[in-house]
Amino acid sequence: MSEQNEQIIFEIISHGGNAKSLAYEALDAATAFNFEQANELMAESKQEMSKAHNIQTELIQSEINGDKVQTSLLMIHAQDHLMTAISEKNLIEKMIELYQKLEEKC
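This text gives an overview of the structure that appears in the document. (Residues numbered from 1 in each chain as written. Predicted model: local features only at pLDDT ≥ 70, side-chain atom pairs only at ≥ 80, totals over all residues. Heavy atoms only, no water.)

Before going further, it helps to examine the packing of aromatic side chains. Tallied over the entire structure, the rule returns two aromatic pairs. Centroid distance Phe33 to Phe35: 6.1 Å. Interplanar angle 70 degrees. Geometry classified as edge-to-face. Where Phe33 meets Tyr99, the ring centres are 6.3 Å apart and the plane angle is 75 degrees; that geometry is what we call edge-to-face. Taken together, the residues span a long stretch of sequence, with Phe33 in the loop between helix H1 (3-31) and helix H2 (35-64) and Tyr99 in helix H3 (residues 73-105) at a distance of 66 residues. For Phe33, a relative accessible area of 35% translates into the label partly exposed. Clustering of aromatic rings is evident, with ring pairs tying together Phe33, Phe35 and Tyr99. (Phe/Tyr/Trp six-rings, centres within 6.5 Å; stacked < 30°, edge-to-face > 60°. Helix = DSSP H or I, 4+ residues; strand = E, 2+ residues; numbered from the N terminus. Buried < 20%, exposed > 50% of the residue type's maximum accessible area, 1.4 Å probe, protein only.)

Written out as structure tokens, the structure reads:
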């Protein structure tokens, strides 16, 4: 695997991990009914997720254009890591909405 491929893979893992961590921080803020902070953290999470997703999209487009993308266990791990982060971020967004509704009821 080339050094460039490893760098790309680690960028996907890094940005995906940052996005997931920020989403969990946002959930912590929401559990304290601090929705301003939760919204700020989710915005940061979305930016990180976008960076990871853009890198993934570039890889996909590269392969569509005929460039062979080397598949490795590390690449599979990066893709799995990103998809898990996306799923967890989506669930956390819904959980924050629930906390907002809970606060309205109190």
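With respect to the secondary-structure elements, Glu88 resides in helix H3. Within the structure, Glu88 has its side chain in polar contact with the side chain of Tyr24 (distance 2.7 Å). For Glu88, the contacting residues outside a window of four places in its chain are Lys20 and Tyr24. (Polar contact = N/O pair within 3.5 Å; in protein donor to acceptor, adjacent residues only side chain to side chain. Contact = heavy atoms within 4.5 Å.)

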